[in-house]
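Topology and contacts: notes
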Amino acid sequence: MNLKRIETFVLVATLRSFRKAAEQQFTTQPAISSRIASLEKELGVILFDREASPITLTAKGRELLPYAEKMLLTAEQFQKRAENNALFTGTLRLGISETVVHTWLTEFLRSFNDKFPRLDIDITVDVTSNLRHDLLDRTLDLAFLMGPISEPSVQNMPLCRYPLVWVGSPSLGLSNYTLNLAELADFPIITYARNTQPFGEIKEQFAQADAANARFFTSSSLSACLRMTRDGLGLATLPTVIAAPEIETGNLLLVDCGWVPSPLGFTASYLHAPMNGAAEEAAKLAVEVAGKAGH
């Protein structure tokens, strides 16, 4: 029995969509339909009610689904017991927060290339809220994001933590880089996108400090935030690991306001799902690489 057809059956049953299954397996919708039709012919049963919207399992399909999932789990365990990462093939769809891009991503990719010689990788860089959505929507296999994700279907492995600092350009002409929050609010505040935890924390803190005049220049791009700060557009809160080189060269100066947002905590998060063993092994590798990087 063709294991790829079994995997496709479980995927379509889970996503309730031939189109989404095709996207996840990097193939066409007709190819997915063909696999399901071939499996149905081989078994002599109809697995899906194609007239329903979204498509649903038939009674026989519901009966067979747990057995199909068990087959995939057994195959995955067989692969793990072999302890041969070269057995992993296909494409791992990886979502990454930009902070990771600027720190240990390159080293991770080097190690990934050595450990998984037959596995391609497709990288998406985005904010955590979007990465979380795509992971739960199964358009990502693994995500390095500000976590954890509190969903029973998701496994979270702690990766790293990044303390934040306030910084500003010498071109702002500040005579004193010790400011309270109200004084900080005299300048545009450059920070993370509005749908992120750091922005929510910063906005709340300014509200409590009666700094209602604070203006926020938000961006989902850490590179853009760094550039705007370096060019003297305003004051920013950035990860220390990103700001440190700029501080050392004198492009940025530390600003002490007696408060910084909570450190950014990242996790390697992936779904508990059949045939997702590559994501689990890649997550373990990311934990190892992040640990060596000292974050």
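The structure displayed is predicted, hence computed values, not measured ones. (Residues numbered from 1 in each chain as written. Predicted model: local features only at pLDDT ≥ 70, side-chain atom pairs only at ≥ 80, totals over all residues. Heavy atoms only, no water.)

**Let's talk about the overall build of the protein**
The helix and strand tally for the protein stands at twelve helices and twelve strands. Taken over the C-alpha atoms alone, the protein extends approximately 80 × 40 × 30 Å along its principal axes. Counting all 295 residues of the protein, 46% fall into the buried class. Here the analysis covers contacts within the protein between residues at least 6 apart in sequence; of these, 75% occur between residues at least 24 apart. Considering the protein, the positive charge centre built from 27 side chains and the negative charge centre built from 32 side chains are found 8 Å apart. (Helix = DSSP H or I, 4+ residues; strand = E, 2+ residues; numbered from the N terminus. Buried < 20%, exposed > 50% of the residue type's maximum accessible area, 1.4 Å probe, protein only. Contact = heavy atoms within 4.5 Å. Lys, Arg positive; Asp, Glu negative; His and termini not counted. Charge placed at Lys NZ, Arg CZ, Asp CG, Glu CD.)

**So, the sheet that holds strand β6 (residues 154–162)**
One key point about sheets: their strands pair by backbone hydrogen bonds, in either a parallel or an antiparallel sense. Taken together, five strands build an open sheet; the order of strands is β4-β3-β5-β12-β6 and the sheet is mixed. The outermost strands of the open sheet, each flanked by one partner alone, are β4 (119–125) and β6. Taking the axes of each pair of neighbouring strands and ignoring which way they run, one obtains an average angle of 20° across the sheet. Note: strand β3 (residues 90–96) against strand β5 (residues 142–146), three bridges, orientation parallel. (Pairing = 2+ DSSP bridges. Axes fitted to C-alpha atoms, helices over the stretch in contact; angles between N-to-C directions.)

**Details of unusual backbone geometry**
The amide bond that connects S53 to the next residue, P54, takes the cis arrangement and shows omega of 0°. Considering the arrangement of structural elements, one finds P54 in the loop between β1 (48–49) and β2 (56–57). Here the residue pair G147 and P148 is connected by a cis peptide bond, since its omega of 10° sits within 30 degrees of zero. Relative to the elements of secondary structure, P148 occurs in the loop between β5 and β6. With a phi angle near 55°, R16 is a residue other than glycine that sits in the positive phi range. Within the fold, R16 resides in the loop between α1 (3–15) and α2 (18–24). Given the relative accessible area of 41%, R16 is considered partly exposed. At R138, a residue that is not glycine, the phi angle is positive and equals roughly 65°. The residue R138 is located in the loop between α7 (128–136) and β5 in this model.

**Some points on the pattern of salt bridges**
The final tally for this structure, using the stated rule, is 14 salt bridges. Its salt-bridge partner being E280, residue K284 comes within 3.6 Å of it at the nearest N-O pair. Of this pair, K284 and E280 are both found in helix α12 (residues 277–293), four residues apart, which corresponds to roughly one turn of the helix. By relative accessible area, which is 39% here, K284 ends up partly exposed. (Salt bridge = Lys/Arg side-chain N within 4 Å of Asp/Glu carboxyl O.)

**A short note on the packing of helix α6 (residues 105–115) against α12**
Running from amino to carboxyl end, α6 crosses α12 at an angle of 135°, the nearest separation of the two axes being 10 Å. On the basis of the axis angle, α6 is oblique to α12. Handedness of the α6/α12 crossing: right-handed. Contacts between α6 and α12 involve E107, F108, S111, F112 and K115 from the first element and A282, L285, A286 and V289 from the second. Among the residues forming the contact of α6 with α12, the class breakdown is six nonpolar, one polar and two charged. (Parallel < 35°, antiparallel > 145°, perpendicular 65-115°, else oblique. Left-handed = near helix turned anticlockwise from the far one by under 90°. Nonpolar A, V, L, I, M, F, W, Y, C, P; charged D, E, K, R; others polar.)

**Quick notes on the sheet that holds strand β7 (residues 164–168)**
Reading across from one edge, β9-β8-β10-β7-β11 is the order of the five strands in this open sheet, with mixed pairing throughout. Both outer strands of the open sheet, β9 (216–219) and β11 (253–255), are each paired with one neighbouring strand and no more. Taken over all neighbouring pairs, the strand axes of this sheet differ in orientation by 40° on average, direction set aside. As paired elements, β7 and strand β10 (residues 235–239) share four bridges and run antiparallel to each other. Within β10, the residue paired with V167 across the bridge is A236.

**Topic: the pairing of strand β12 (residues 264–271)**
Of all eight residues that make up β12, eight are buried, and the element is covered over most of its length. Of the two faces of β12, the one lined by L264, F266, A268 and Y270 and the one lined by G265, T267, S269 and L271 are each fully buried. In the sheet, β5 pairs with β12 via five bridges, with the strands oriented antiparallel. Paired with A143 across the bridge in β12 is S269. By the bridge criterion, eight bridges tie β6 to β12 in an arrangement that is antiparallel. Counterpart to Y162 in the pairing with β12 is L264.

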